[in-house]
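Take a look at the letters that make up each chain.
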Amino acid sequence: MSERATAVAHSNIALIKYWGKRDEGIALPATSSVSLTLDAYSTRTTVEWGRDTDTAELDGAPLAGEAGARVTRFLDLVRSLAGRSDGASVISRNTVPTAAGLASSASGFAALAAAASSAAGLDLAPRELSILARKGSGSAARSIFGDLAVWFAGDDDASSFAEPVTDPGLDLAMVVAVVDAGVKTISSRAAMRLTAETSPYFPAWVDASRTDFTDMLAAIAASDFTRVGELTESNAMRMHASMLGATPPVSYWQPDSVRVLHLVRDLRSTGIECYATMDAGPNVKILCQRRRMESVRDAVTAAGITRVTTSLPGPGVAVSRDD
Ligand code: 2P0
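Remember, predicted model here, so these are calculated numbers, not experimental data.

## What to know about the site of the ligand
Phase 1: Neighbouring the ligand are 14 residues, the closest being Ala 14, Tyr 18, Ser 137, Gly 138 and Ser 139.
Phase 2: Tallied by class, the residues present in the shell around the ligand amount to five nonpolar, six polar and three charged.
Phase 3: No fewer than three residues from each of domain 1 (4-167) and domain 2 (172-311) sit in the shell around the ligand.

Below is the structure:
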């Protein structure tokens, strides 16, 4: 029997952000977060055990340096769970522009967690898979699940996991204005560390985000799209405000990012209800309801943004063993 499995995971965009760790050693976040998994961006990863050493490739190119070392450290976790010592080959394909603030590490480590554990003969429950994926990249904990997911910060390894949130009728969609798909100037991992260590606004961010998180869960339960949108936009702005307070300041914004933020505000004033969020990159993601998706996309395109993607909620991770 071959020890090979393939997993497909989709990226997610946080409506309430994860920004800062409480414990870097076991990847505990400073705050809980809420996300929407998207159908537009995914990673497909095949893992095969029984090799002498680990090898990894992404989109046809070998992963070297820190990126390769990060995969090996993750495979070490799987080896210790499965009680094995062999190497694995990892072959991964991304439909997400890698490292451009479009959550490629979320779909990447969710797919790797599912494929590597399944191929190793482990049969992890979704919660265990979420805990494992978290240790590869925090946001990957949420990509184990489809649609809306909540990641509880927790206070130890076993209590920091994601789970699905029931959406009783929000009918969400997202329009992604790709302002720049290039590799980001500073990794989110380094930027969140710098923010936590040097920004006087970091404690205020943590406080505000805890309240935003509770309010977001209430707004989702009430199917109150306006409140969900308002919280999404203000939480993202608060996260970016905390980064601007770092030494040196961290800013992912580009002129076109600001242009799209203004456009979103103008669209609201004309009755097209939508809200913006931004991550560790210049791209702007616009949350709306499905019936507004085309109008929002057309408005962003008309504003001269040439790469615009629309997305509906996507599925959780799917894995198959290649026996
Ligand atoms: C999020 N981001 O909640 C936030 C908002 C970016 C901005 O999760 O260090 O790649 O691997 O745990 O998950 C990006 O950070 O960081 C992220 P690590 P990750 O989606």
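After that view of the structure, there is still more to cover.
## Some details on the packing of helix α1 (residues 65-82) against helix α2 (residues 104-119)
Phase 1: Viewed as axis vectors pointing N to C, α1 and α2 meet at an angle of 35°, and their least axial separation amounts to 10 Å. Of the two elements, α1 crosses α2, and the hand of that crossing is right-handed. Facing α1, whose interface residues are Phe 74, Leu 75 and Val 78, α2 presents Phe 109, Leu 112, Ala 116 and Ser 117.
Phase 2: Per-class residue counts for the contact of α1 with α2 are six nonpolar, one polar and no charged.

## Here we look at the nonpolar core
Phase 1: Core analysis: the largest hydrophobic core is formed by 96 residues, its most contacted members being Ala 110, Ala 113, Ala 114, Ala 115, Ala 116, Ala 177 and Ile 286.
Phase 2: Looking at which element gives the most residues to this core, the answer is α2, with 10 residues.
Phase 3: The residue makeup of this core includes at least three contributed by each of domain 1 (4-167) and domain 2 (172-311).
Phase 4: When near neighbours in sequence (up to four residues on either side) are disregarded, Ala 177 contacts Val 260, Asn 283, Val 284, Ile 286, Val 300, Ile 305 and Val 308.

## Here's the deal with the environment of Asp 207
Phase 1: Note on placement: Asp 207 falls in helix α5 (residues 202-221).
Phase 2: Among the residues examined, Asp 207 registers 12 C-beta atoms within 10 Å and is labelled exposed.
Phase 3: Spatially, the C-alpha atom of Asp 207 lies 16 Å from that of Met 192, the residues being 15 residues apart in sequence.

## Concerning the confidence of the model for the chain
Low pLDDT means the predicted atomic positions in that stretch should not be read closely.
Phase 1: With 97% of its residues at a pLDDT of at least 70, the chain reaches an overall mean of 95.
Phase 2: Reported confidences for the modelled complex are a pTM of 0.96 and an ipTM of 0.98.

## Some thoughts on the domain arrangement of the chain
Phase 1: According to the domain assignment, the chain consists of domain 1 (4-167) and domain 2 (172-311).
Phase 2: Put simply, the middle of domain 1 and the middle of domain 2, counted by C-alpha atoms, are 23 Å apart.
Phase 3: Of the residues lining the interface, 25 residues belong to domain 1; the matching set on domain 2 comes to 35 residues.
Phase 4: Among the elements of the structure, β1 (4-16), β4 (33-51) and β8 (148-151) are those that each provide at least two residues to the side of domain 1 that touches domain 2.
Phase 5: Looking at side-chain class alone, the side of domain 1 that touches domain 2 contains 17 nonpolar, four polar and four charged residues.

## Regarding the environment of Met 278
Phase 1: Position of Met 278 relative to the elements: it lies in strand β11 (residues 274-278).
Phase 2: Under the C-beta neighbour-count criterion, Met 278 is labelled buried, with 24 such atoms within 10 Å.
Phase 3: In this structure Met 278 touches Ala 236, His 240, Ser 257 and Val 284, once residues within four positions along its chain are discounted.

## Describing the pairing of β4
Phase 1: Sheet topology note: the β1/β4 ladder contains 11 bridges and is antiparallel. Bridging from a neighbouring strand, Ala 5 pairs with Val 47 of β4.
Phase 2: Where β4 meets β8, four bridges bridge the pair, whose relative direction is antiparallel. Bridge pairing links Leu 36 to Leu 148 in β8.
Phase 3: With eight bridges joining them, β4 and strand β7 (residues 87-94) adopt antiparallel strand pairing.

## Some points on the sheet that holds strand β10 (residues 172-178)
Phase 1: If you walk across this open sheet you meet the four strands as β11-β12-β10-β13, and the pairing is antiparallel. Two strands lie at the open edges of the sheet, namely β11 and β13 (307-311), each paired on one side alone. Taking each pair of neighbouring strands and ignoring which way they run, the sheet shows an average axis angle of 25°.
Phase 2: Pairing of β10 with strand β12 (residues 284-289) involves six bridges; the strand directions are antiparallel. Counted as the bridge partner of Val 176 is Lys 285 from β12.
Phase 3: Of the strands in this sheet, β10, β11, β12 and β13 are in contact with helix α8 (residues 293-302), which crosses β10 at around 10°.

## Quick notes on unusual backbone geometry
Phase 1: Across the junction of Thr 247 and Pro 248, the peptide omega takes the value -10°, indicating a cis bond.
Phase 2: Inspection of the secondary structure assignment puts Pro 248 in the loop between α6 (225-244) and α7 (255-269).
Phase 3: Look at Ala 27: it is not a glycine, yet its phi comes out positive at around 55°.
Phase 4: Judged by the 19 C-beta atoms lying within 10 Å of it, Ala 27 is partly exposed.
Phase 5: Look at Asp 59: it is not a glycine, yet its phi comes out positive at around 50°.
Phase 6: Asp 59 sits in the exposed class, given 12 other C-beta atoms within 10 Å.

Rules used in this analysis
Residues numbered from 1 in each chain as written. Predicted model: local features only at pLDDT ≥ 70, side-chain atom pairs only at ≥ 80, totals over all residues. Near = placed C-beta within 6 Å. Nonpolar A, V, L, I, M, F, W, Y, C, P; charged D, E, K, R; others polar. Domains from an automatic or database assignment. Axes fitted to C-alpha atoms, helices over the stretch in contact; angles between N-to-C directions. Helix = DSSP H or I, 4+ residues; strand = E, 2+ residues; numbered from the N terminus. Left-handed = near helix turned anticlockwise from the far one by under 90°. Contact = placed C-beta atoms within 7 Å. Core = buried A, V, L, I, M, F, W, Y, C linked by C-beta atoms within 7 Å. Buried ≥ 20, exposed ≤ 12 C-beta atoms within 10 Å, placed from the backbone. pLDDT = per-residue confidence, 0-100. Pairing = 2+ DSSP bridges.

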